[in-house]
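Residue-level listing of the chains:
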Amino acid sequence: MISTKEIVVPTASVTALGKRDPLGDQRMTVSLGPQHPSTHGVLRVEVELDGEVVVAARPDIGYLHTGMEKTMENQKWQQVVTITCRMDYLNSMGNDLGYVLAVEKLLGVEATPRTQVLRVLLTELNRICSHLVWWGTHVMDIGAMSPFFYAFDQREKILDLFECVSGARFHQSYFRIGGLQADLPDTFMPLLKEFVAQFPDFLKMANKLVSGNKIFQTRTKGIGIIGAEDAINWGLSGPSLRASGVNWDIRKSEPYTGYETYDFDVPLAQDGDIWARYVVRMREMEESLKIVQQAIDRLPAGPIQSDHPKLKLPDRDLMKQHIDVMIHHFLLASEGFTVPIGEVYFPIESARGELGYYLISDGKEKPWRVRVKTPSFMNLQVLPKMAEGQLLADLIGIIGSIDIVLGDIDR
Amino acid sequence: MSILSEIIGTVKDVIDVARSTATGMSITLSQIPKAKKTVSYPEEPVTIFQRFRGEHMLTRNADGKENCVSCFLCAAACPADAIYIEGADDPRPYAERETQDHRYAKIYRIDYGRCILCGFCTEACPTDAIKHGHNFEWAVYTPGEMVKDKEYLLKNFERDKDLNIKLV
């Protein structure tokens, strides 16, 4: 029999206040996730706790691994576009753009001016869309419920735009190698202008509701700090890196699809805590809206498909009338096109950071090797460093602030 | 002195928090008179865009003959291997047979357990035989029911007109 004197009652709150723990190193290991809603998908974090304080946090990934890179190697060059958008499902347009640009670089093809502007426009809309999901869920993790609904109301408008232009809300596959799926429908521009006109009001409301909130600021300031040097050493990218004061944005440093011609700022913050990452993303939505506005103003008329004879499916009316055009159509639709032998690495700035495609072609109609450097994977590995010494409740805030998508990590 | 400043700090914090809560509440309450954003779907029509990629339909030409000539191009373009076709020949003259060409699809199945609705089949089809409809109601009880055959897909053309949707 155990006497009552031997039963030790743990006093968890003592360590949280910074006083000495009478229990020594009696630690507890807690498994957070993979079904926990605040881990944003199927992330499992093995947390070692000393009372309420996180001693070590070990992320466990792989629950969503479906072997997408290998699947891509078994698809024709054009068909891969249907898979790329399924990796980072919140930033699907951006993922398609990276792949399409990588293949175009291998082929030596440049998209037409209209296509380039449309690609920038839709990718920036998708960046806003992705940041809206981050805003809604991150703030909800910290304890505010209603911002989630306002964010998803705005996001719905962007998804409607995507449905209008491509036919699908999430997995658009709208960007094709050398062009686009189809030109804009007539209903698109009025809807887009309506969205752009009302979005600044939403941002103002969002800043009033959450950014100016004292409780939110207290929960986020000075928590999960990562310095500039550490951030670079750990391979952070995107808004999480810029929140540590490192001015590095691929849209500025290695511009693609004509980003160098747009006038926009790269938001920076110095503190490297949750609040800094919050501020950077909120300001990034404003900058993305600026780019969208400029793209609307300059959208040129013209063809959407490049002249490359292999990439473009023939005109449908001609195809139905002439047998030679029909044969061309059959060959392209069934066998696809070949890409010259070579390898390419193409990075773009996705909503989460540097998204890079490394492709090797052996001159056949399928890629020989596809390797994707995804931003969420690199950003997640810094979690143990950020979470060390923080409270368990703040770990949830930290996970939300690095804005991970598990589909992007596991692929 | 330090106790006094601590008290002042606490009072300031309480006021700040109360002000933030009041601001948040005012925004929440201002939503009440606004129009409702949800749609009670089966009673009210839901807005769908013209290009929406829903359940496929197999089309017929002006004479009511099936457009599909069993060329297998949709199956070749499909990234998910969702389409299964078996072709056959119908030697009867145009007026008697049900298809526009001698060659027709005896079996035409789409497995919606595999289909990813990318639209590559509709782009590949040389006779406009396969198109995306606007139907999105396909809940089934068993996986086998996800495989739709030719008769079902041909009827989708008529079914598309009866959907409770508002096309934009």
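Each value, and the rule that gives it
- Residues numbered from 1 in each chain as written.
- Chains lettered and ligands numbered in written order.
- Predicted model: local features only at pLDDT ≥ 70, side-chain atom pairs only at ≥ 80, totals over all residues.
- Heavy atoms only, no water.
- Salt bridge = Lys/Arg side-chain N within 4 Å of Asp/Glu carboxyl O.
- Helix = DSSP H or I, 4+ residues; strand = E, 2+ residues; numbered from the N terminus.
- Buried < 20%, exposed > 50% of the residue type's maximum accessible area, 1.4 Å probe, protein only.
- Patch = residues over 30% accessible without salt bridge, like charges linked within 9 Å, V, L, I, M, F, W, Y side chains within 5 Å.
- Areas by Shrake-Rupley, 256 points an atom, 1.4 Å probe, with all protein chains shown as cover.
- Domains from an automatic or database assignment.
- Contact = heavy atoms within 4.5 Å.
- Buried area = accessible area lost by both parts, 1.4 Å probe.
- Polar contact = N/O pair within 3.5 Å; in protein donor to acceptor, adjacent residues only side chain to side chain.
- Nonpolar A, V, L, I, M, F, W, Y, C, P; charged D, E, K, R; others polar.
- pLDDT = per-residue confidence, 0-100.
- Axes fitted to C-alpha atoms, helices over the stretch in contact; angles between N-to-C directions.
- Parallel < 35°, antiparallel > 145°, perpendicular 65-115°, else oblique.
- Left-handed = near helix turned anticlockwise from the far one by under 90°.
- Pairing = 2+ DSSP bridges.
- Expected span 1.5 Å × (residues − 1).

### Comments concerning the pattern of salt bridges
Residue and element names in this part refer to chain A. Per the stated rule, a full pass over the model turns up 39 salt bridges over all chains. Between Arg242 and Glu284 there is a salt bridge; the shortest N-O distance is 2.5 Å. Of this pair, Arg242 sits in helix α10 (residues 239–242) while Glu284 sits in helix α12 (residues 274–298); the two residues are 42 residues apart in sequence, bridging distant segments of the chain. Comparing Arg242 with Glu284 shows no difference in burial state: the two are buried. Each member of the salt-bridge network shares a partner with another, and the members are Glu124, Arg127, Arg242, Asp249, Arg251, Glu284 and Glu349.

### Description of a nonpolar patch on the surface
Residue and element names in this part refer to chain B. A cluster of nonpolar residues, Ile3, Ile7, Val11 and Ile15, forms a patch on the protein surface that exposes about 380 Å² of accessible area. Looking at where Ile7 falls in the secondary structure, it is placed in helix α1 (residues 2–30). With relative accessibility at 48%, the residue Ile7 sits in the partly exposed group.

### Describing the domain arrangement of chain A
Residue and element names in this part refer to chain A. Split into domains, chain A comes out as domain 1 (4–60) and domain 2 (68–410). Taking only C-alpha atoms into account, the centre of domain 1 sits 36 Å from that of domain 2. Contacts between the two partners involve 17 residues from domain 1, matched on the other side by 17 residues from domain 2. Taking both sides of the interface into account, the surface hidden between domain 1 and domain 2 amounts to around 1,500 Å²; carbon and sulfur atoms contribute 73%. Applying the counting rule to domain 1 against domain 2 returns zero salt bridges. Where domain 1 meets domain 2, there are three residue pairs in polar contact (both at pLDDT 80 or more). Secondary-structure elements contributing two or more residues to the side of domain 1 that touches domain 2 are β2 (44–50) and β3 (53–60). Considering each element in turn, the side of domain 1 that touches domain 2 owes the most residues, five residues, to β3. Residue composition of the side of domain 1 that touches domain 2, grouped by class: 12 nonpolar, four polar and one charged.

### Focus on the confidence of the model for chain A
Here chain A shows a mean pLDDT of 86. Residues at 70 or above account for 93%. Confidence drops under pLDDT 50 across residues 1–17 of chain A; counting only partners more than four residues distant or on other chains, this segment forms 17 contacts.

### Notes on the packing of helix α6 (residues 146–166) of chain A against helix α7 (residues 188–211) of chain A
All names here are of chain A. Contact geometry for α6 and α7: axes closest at 11 Å, N-to-C directions at 165 degrees. The pairing of α6 with α7 is recorded here as roughly antiparallel in orientation. Considering the relative orientation of α6 and α7, their crossing is left-handed. Here Pro147, Tyr150, Ala151, Gln154, Lys157, Ile158, Leu161, Cys164 and Val165 of α6 come into contact with α7, specifically with Phe188, Leu191, Leu192, Phe195, Gln198, Phe199, Phe202, Met205, Leu209 and Val210. Taken together, the residues of the contact of α6 with α7 break down into 16 nonpolar, two polar and one charged.

### Examining the environment of B:Gln50
Mapped onto the secondary structure, B:Gln50 falls in the loop between β1 (46–48) and β2 (56–58). Considered as a pair, B:Gln50 and B:Val69 are 19 residues apart in the sequence and their alpha carbons are 26 Å apart.

### Brief notes about the sheet that holds strand β7 (residues 354–361) of chain A
The strands making up a sheet associate through backbone hydrogen bonding, with each pair oriented either parallel or antiparallel. Residue and element names in this part refer to chain A. With respect to topology, three strands assemble into an open sheet ordered β6-β7-β8, the strand pairing being antiparallel. Looking at which strands have only one partner, the edges of the open sheet turn out to be β6 (342–349) and β8 (369–373). Direction aside, the axes of adjacent strands within the sheet are offset by 10 degrees on average. Summarising the sheet, β7 and β8 pair through five bridges and their orientation is antiparallel. Residue pairing across strands places Gly356 opposite Lys373, the latter belonging to β8. The sheet contacts of helix α4 (residues 92–107) involve β6 and β7, and relative to β6 the element is tilted by about 145 degrees.

### Overview of the sheet that holds strand β6 (residues 147–148) of chain B
All names here are of chain B. The strand order across the open sheet formed by three strands is β3-β4-β6, and the pairing between neighbours is antiparallel. Here the strands that pair on one side only, and so sit at the sheet edges, are β3 (83–89) and β6. Note: β3 against strand β4 (residues 103–111), seven bridges, orientation antiparallel. Looking at β4, one finds that Ile83 is bridged to Ile110.

### Comments concerning α1(B)
Here α1(B) is 29 residues long and its end C-alpha atoms lie 42 Å apart, about the 42 Å a rise of 1.5 Å per residue gives. Residues of α1(B) that are buried: B:Ser20, B:Gly24 and B:Ile27.

### Structural notes on the side chain of A:His138
Residue and element names in this part refer to chain A. One can find His138 in helix α5 (residues 113–142). For His138, a relative accessible area of 0% translates into the label buried. Ignoring anything within four residues of it in the chain, the contact list for His138 reads Ile274, Tyr278, Gly397, Gly400 and Ser401.

### Concerning unusual backbone geometry
Located in the positive-phi region is A:Ser173, a residue other than glycine, with phi close to 50 degrees. Considering the arrangement of structural elements, one finds A:Ser173 in the loop between α6 and β4 (175–176). On the accessibility criterion, A:Ser173 (0% relative accessible area) is buried. Although it is not a glycine, B:Asp81 sits at a positive phi angle of roughly 50 degrees.

### Regarding the interface of chain B and chain A
Contact with chain B, which involves 32 residues of that partner, is made by 42 residues of chain A. Summed over both sides, the interface between chain B and chain A buries roughly 3,000 Å², with carbon and sulfur atoms accounting for 56% of that surface. Considering only the surface of chain B that becomes buried against chain A, B:Phe49, B:Arg51 and B:Arg53 emerge as the three largest contributors, covering 24% of it. Where chain B meets chain A, there are five salt bridges. For B:Asp13, the salt bridge identified is with A:Lys214, shortest N-O distance 3.6 Å. At the junction of chain B with chain A, the criterion picks out 19 residue pairs in polar contact (both at pLDDT 80 or more). Listed by contribution, the elements that provide at least two residues to the side of chain B that touches chain A are α1, α2 (73–77) and α3 (120–124) of chain B. When residues in the side of chain B that touches chain A are grouped by element, the largest group, nine residues, is from α1(B).

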